[in-house]
Structure formats: structure tokens, C-alpha cells
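Here's the letter readout for the chains.
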Amino acid sequence: MSMFCNQCEQAANGTGCNISGVCGKKPEVAALQDHLLYGLKSLALYADKMGRNTEIDRFTIEGLFSTVTNVDFEAARIGALITRCYELKEKAKAAAGVTLSGPVADWKPAADLVGMTTQGEAHGINTQHVNEDIRSVIEILMYGLKGMSAYMDHAMILGKTDNDVMAFFHKALAATTDANLGLMDFVGLAMECGKQNLTVMGLLDSAHTDTYGHPVPTPVQLGTKAGKAILVTGHDMKMMEEILKQTEGKGINVYTHGEMLPAHGYPGLKKYSHLVGNYGGAWQDQAKEFANFPGAIIFNTNCIQKPAESYIDRLYTWGLVAWPGVKHIDGWDFSPVINKALECQSLPENPGQEILTGFGHNAVLGVADKVIAAVKSGDIKHFFLIGGCDGAKSGRNYYTEFAEKAPKDTVIMTLACGKYRFNKLEFGDIGGIPRLLDIGQCNDAYSAIKIAVALAGAFECGVNDLPLSMVLSWYEQKAVVILLTLFHLGIKNIKLGPTLPAFITPNVLAFLVENFNIGPITTVDADMKAMLG
Ligand code: FSO
Ligand code: SF4
């Protein structure tokens, strides 16, 4: 059985995975995910013609997020989503009061998984256009929508939504099926996706801060505390809160892993004394780290990898993330995970290094006067935003080297899991301002934008005129939509690595270089010199 997927930075040979996914995605799951996307486009054709419907909107977000890299590897779950998608499409068709024609509008899935898989294989990743540049921009748009769905999902879990954003999801999905649209139509939709995502990131920021307060600078212990334990990895704060509530008084310590590290900065989460530290680093080291963590482990979002036998029995998934053979928690009752943690071995008392997190926009802008004065006096010469998602490739050592070589009179802001490349290094401070500021998750990119815009306001210039350089790493589709948001904001001169996306054609790249002067990372010395020059 064949497959083709090129949506993440791991795409085999820099072009696409065609035998099996480097991430572990099997051809059957790839075909089912392609089928689900086809179904979501069919649903969108009708949803675009009716008013807002909460059930359809929520399903669209969950369906898209399920196809993001390292989220759902379970064929049966994707099959169930396809069936549900068809039911909702029929409902939308009746509510819209129109009957559209054409293969996408007429979509009907087979009744069984084998049939759905065969149909998905025929659909592929996009079938409406033959021009390779148009296909490239449609892929950028589709991956942008997938990334935006992830941020929207977290916001929705905390009770936020936005009608205009949801209308855009359906409009854009429907547009990808329109053979009459041309290159610039899709470029416009991709840019609009960046704009809509700014709204979503703002919603998510207020979802987090309204619920848990503004993050405050917080030291996080990297060692272990004696006792039973649960390790939480992923991105979802509400799920983290539930784990903390349900483990209270049970003698279980809770640790963050990967992108959950910024949870320690929120007053509403750090108040739990059994949230004791962060264990391990970024997602791609999970096999080694989970094998050494004797407690229960739970994923609430990406990035899951094939679990090893040594820990699969202690591993759980929740929400949209799933792996065959791994126990899944439906809903909000985490008793099975808690019981497992109580059965498992205890962790030893082994204190370690402390690192700081919690530099969200409120904390950084709270000391804006100090920062501005340090820039004016020349104590701070430059800011670097070294952020983005991490991956397994050795070329990613660039980001460690870049942080290490950043001159002592520069400040590094960071976010997302790429920070683990350097967040345990000692950077010191400039007049009490730490040289390394952990803004949070990839989900907190809004904070970085707010900080940059506020600095530009203070210096009465544009963001592009600030002494600020962005050195970003990308891995999956959440990074794609953040790039679209930065383009929407007119941010130029971004350095992107470790490699450029396989789905960008030379002509589309030329367009991006011409309009945004984005470029691939080269060597640390050359890039640093150009930025500081
Ligand atoms: Fe990383 Fe994974 Fe947060 Fe991504 S854990 S790679 S961009 O899912 O979302 O930064
Ligand atoms: Fe390959 Fe990435 Fe697609 Fe997985 S998500 S199949 S690694 S391109």
C-alpha cells in the first residue's frame, strides 16, 4: 500500500514519506487521514452555506487536529471520525437547504475501515489542482488550518470560540476544492489564515490567563522528589489542572514534560504543591526519558512516538492523541492513571538544577521600563527570539550553538519545545533582567508578538526596525500557522530551519523571499554577524 505525506519537517528524503511515516504513521492511517480531510472539505462546502453550528464547528477542529503530526496513529479512531463527518455533512446539507454537486459534495464513505482506507488512498493529499505552485500554496493553507485547529482546540476546551474564525475554517476548507480559484486566491487565503490565527492565539492567551492568571517568573526543579508520580506531556492546561485536582492529597507528585513546562508559571496551577518539577526535555527524547521514569505517564496532545515495551504499560493518552495499544482516557476521570501511579515504583529524592519559566507578556511588559532603559543605555544591544519546535535532526544543534554564541549584551527570548536545546545552560542577567526569557509554549507565540509590538511602540518604530532577530525552528503544522501569522503582521527577515518545508516549491519560496525576506539558516557565525551587523 502506498502513501504520501510531506506535512512535517521529517518528510523522508526532504520530499515526503511514501513507504511509511518517519513519525511512525502507517500507510493505512495516512490514507484514513487523507480521507478524513476530504470529508471535512465536503462538510465545509455545506457548513460554509449555513449559520454557525457548535457541533459541526467543534467536530471540524477536532477532525483537523487529529491529522496533525504525532497526534492520532489509531486507524479505528480516524475511521470513527470519518463516519461522524459523513453524518454531520448530511445534517449540514439539510440545514443549508441546498444540494451541491461534484465529487467532494457527493462524498460518501464506505461502511468499513478497509473500504474507507481504499477511498482515502485514492483521494491523496489534494486532488483539485495540477499546477504545482497552486498545490504548494493549498498545502500551506491546509497545514495552516491544521495548526490553527490545534490552538483553537485548546481555547475551546477552556470555553472560548470565535464565530468569524470558525466561518473562515469552513470557507478555506471549501475553497481548496474549488478548481476555479487561482494562485493568488490561495495566497490570499493563506495570509488570511495567518490573520485569523492571531485571533485564535489571542483567544488562547486569554483562555489561559483568565483561568489561571498571568504566568509569573518561576523556578522549576529538574530533579525528582521521593514518591509516587505522574508525568504529564503535551500542551493542554485544563487537563493539567484536572490531573492536579484529582491527585491532591493522594501522595502523588506531578511532573511536567516537554511543552507542559510553562504550566509551572501559572498561579492557578503552581498553587498545587504536588506540581513538583519538570522531568526530561523535548518530545523526541521521550523513549529514553519515559523508560527511566517509573511512574505513570500521560499525553494530552502531540508529540507521541512509538512507545517502547519498557513503558507502554504505564502510558496513557487523552483527548485527540492516540497510539494503538496505549490505554486512552475518555473524558475527565483520570482514576486509571492515578491508580497506575500508585501501583508503580516511587521516584527517588534526587534534587537537580533549577530553571526559570513564566515570562509571558504580562511579566515581561511589567518590567518594560527597565528593559527600555537597558536598551537606551546600551546594556542590551539586541534581542533574539530563538523559538519553535524541536525535532530529531542533528542540524538542530544550530540552535544550541546560536544561543551559546549570542553576545553577553543580548537577550534571548524563547518559546516552544525548541528551547530544550539550550534552556539548561547558564546565561546570567543584564542588570537583573535574565538573559534567557522563557515565554512559554508554542501556544504562547501570542505573548512574543505582544512583547515585540509593545517594544516597537515604546521605541516608536515598526517591529522590523527593532534590534530583534527571529531565528525559528519548525517541525509540524502549528509552526506553519505561526509563520503565516508573522507574515500577516509583516514581520521580515526571519531565519528558518533546520530545513525548509518540502511542500514549498521554488516559485512559492521566491515569493516569500521577495515579500518577507525569509531565509534558511546557514551557519551560526554568518547568521549572527548579519543580524548584529
Ligand atoms: Fe513541540 Fe510537538 Fe509545541 Fe509542536 S511538542 S513540536 S510545534 O507539537 O507544538 O512545540
Ligand atoms: Fe512523514 Fe511527517 Fe507525514 Fe509523519 S507527518 S508521515 S514524518 S511527513
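Within each chain, residues carry numbers counting from 1 in the order of the written sequence. The lettering of chains begins at A and the numbering of ligands begins at 1, in the order of writing. Whole-chain, interface and lining totals are the exception, using all residues; otherwise, since this is a predicted model, local features are given only for residues with pLDDT of at least 70 and side-chain atom pairs are given and counted only at 80 or more. To get the side-chain values, all heavy atoms of the structure are used, and hydrogens and water are removed first.

1. A look at the pattern of salt bridges
Here is step 1 of the chain: One speaks of a salt bridge when a side-chain nitrogen belonging to Lys or Arg is within 4 Å of a carboxyl oxygen belonging to Asp or Glu. Applying the stated criterion across every chain yields a total of 26 salt bridges.
Here is step 2 of the chain: The salt bridge involving Lys 419 is made with Glu 259; its shortest N-O contact spans 4.0 Å. Highlighted residues: Lys 419 in the loop between β10 (410–415) and β11 (429–430) and Glu 259 in the loop between β3 (252–257) and α9 (267–270), separated in sequence by 160 residues. Like Lys 419, the residue Glu 259 is buried in the burial classification.
Here is step 3 of the chain: Between Asp 390 and Arg 396 there is a salt bridge, and its shortest N-O distance comes to 3.9 Å. Judged on exposure class, the residue Asp 390 and its partner Arg 396 are both buried.
Here is step 4 of the chain: Where salt bridges share partners, they join Glu 9, Asp 390, Arg 396 and Arg 421 into one cluster. Put simply, DSSP marks the helices as runs of H or I at least four residues long and the strands as runs of E at least two long, and each gets a number from the N terminus on. Relative accessibility thresholds used throughout: buried, under 20% of the residue-type maximum; exposed, over 50%; partly exposed, between the two (1.4 Å probe, protein chains only).

2. Quick look at the site of ligand 1
Here is step 1 of the chain: What surrounds ligand 1 is the set His 235, Glu 259, Trp 283, Asn 302, Cys 303, Cys 389, Ala 416, Cys 417, Cys 442, Tyr 475, Glu 476 and Lys 478.
Here is step 2 of the chain: For this analysis, a polar contact is any N or O atom pair within 3.5 Å, provided that within protein one partner can donate a hydrogen and the other can accept it, and provided that sequence-adjacent residues contribute only side-chain to side-chain pairs. Residue Glu 259 places a side-chain N or O atom 3.1 Å away from an oxygen atom belonging to ligand 1.
Here is step 3 of the chain: One of the side-chain nitrogen or oxygen atoms of Lys 478 is found 3.1 Å away from an oxygen atom of ligand 1.
Here is step 4 of the chain: Split into classes, the residues belonging to the shell around ligand 1 amount to seven nonpolar, two polar and three charged.
Here is step 5 of the chain: Each domain's limits were defined by an automated method or a database of domain assignments. When we break the shell around ligand 1 down by domain, the ones giving at least three residues each are domain 2 (218–343) and domain 3 (360–531). We call a residue near a molecule or strand when any one of its heavy atoms sits within 4 Å of it. All amino acids are sorted into three groups, where Ala, Val, Leu, Ile, Met, Phe, Trp, Tyr, Cys and Pro are nonpolar, Asp, Glu, Lys and Arg are charged, and the leftover types, Gly among them, are polar.

3. Here we look at the domain arrangement of the protein
Here is step 1 of the chain: Parsing the protein into structural domains produces domain 1 (12–210), domain 2 (218–343) and domain 3 (360–531).
Here is step 2 of the chain: Measuring from the centre of the C-alpha atoms in domain 1 to the corresponding centre in domain 3 gives 29 Å.
Here is step 3 of the chain: Listed by partner, the interface residues are 34 residues for domain 1 and 29 residues for domain 3.
Here is step 4 of the chain: At the boundary of domain 1 and domain 3, one finds zero salt bridges. In what follows, a contact means two residues having at least one pair of non-hydrogen atoms within 4.5 Å.

4. Focus: the site of ligand 2
Here is step 1 of the chain: Neighbouring residues of ligand 2: 13 residues in total, closest Cys 5, Cys 8, Cys 17, Cys 23 and Thr 69.
Here is step 2 of the chain: Here the residues of the shell around ligand 2 are counted per class, giving seven nonpolar, five polar and one charged.

5. Side note on the nonpolar core
Here is step 1 of the chain: Only buried residues count toward a nonpolar core, which is a set of Ala, Val, Leu, Ile, Met, Phe, Trp, Tyr and Cys residues joined through side-chain atoms within 4.5 Å. Counting residues in hydrophobic clusters, the biggest one holds 118 residues, and the most contacted among them are Leu 145, Met 152, Phe 169, Ile 380, Phe 383 and Leu 468.
Here is step 2 of the chain: With sequence-adjacent residues up to four places away left out, Phe 169 is seen in contact with Ile 61, Leu 64, Leu 145, Met 148, Ser 149 and Met 152.
Here is step 3 of the chain: Counting 27 residues, the second largest nonpolar core, distinct from the first, contains Ile 230, Met 237, Trp 318 and Val 337.

6. What about the sheet that holds strand β7 (residues 327–329)?
Here is step 1 of the chain: Ordered by their spatial adjacency, six strands build an open sheet running β4-β3-β2-β5-β6-β7, and the pairing between neighbours is parallel. Strands at the two margins of the open sheet, each flanked by one partner only, are β4 (275–278) and β7. Pairs of neighbouring strands in the sheet enclose a mean axial angle of 30°, with direction left out of account.
Here is step 2 of the chain: Only when DSSP finds a minimum of two bridges between them are two strands counted as paired. Sheet analysis places strand β6 (residues 315–318) next to β7, joined by three bridges and oriented parallel. Each residue of the ladder has a partner; that of Trp 318, found in β7, is Ile 329.
Here is step 3 of the chain: Helix axes are fitted only over the stretch in contact, all axes being lines through C-alpha atoms; the angle between N-to-C directions runs from 0 to 180 degrees. Packed onto the sheet, helix α12 (residues 335–343) meets β2 (228–233), β3, β5 (296–299), β6 and β7 and runs at close to 135° relative to β2.

7. Some thoughts on helix α3 (residues 75–96)
Here is step 1 of the chain: Multiplying 1.5 Å by the residue count of a helix minus one yields the expected span of that helix. Here α3 spans 31 Å end to end across 22 residues, near enough to the 32 Å set by a 1.5 Å rise per residue.
Here is step 2 of the chain: Listed in full, the buried residues belonging to α3 are Ala 75, Ile 78, Gly 79, Leu 81, Ile 82, Cys 85, Tyr 86, Leu 88, Lys 89, Ala 92 and Ala 96.
Here is step 3 of the chain: Buried residues belonging to α3 abut α1 (27–47), α2 (54–66) and α4 (113–123).
Here is step 4 of the chain: Once α3 finishes, Gly 97 follows within two positions and takes phi at roughly 70°, a positive value.

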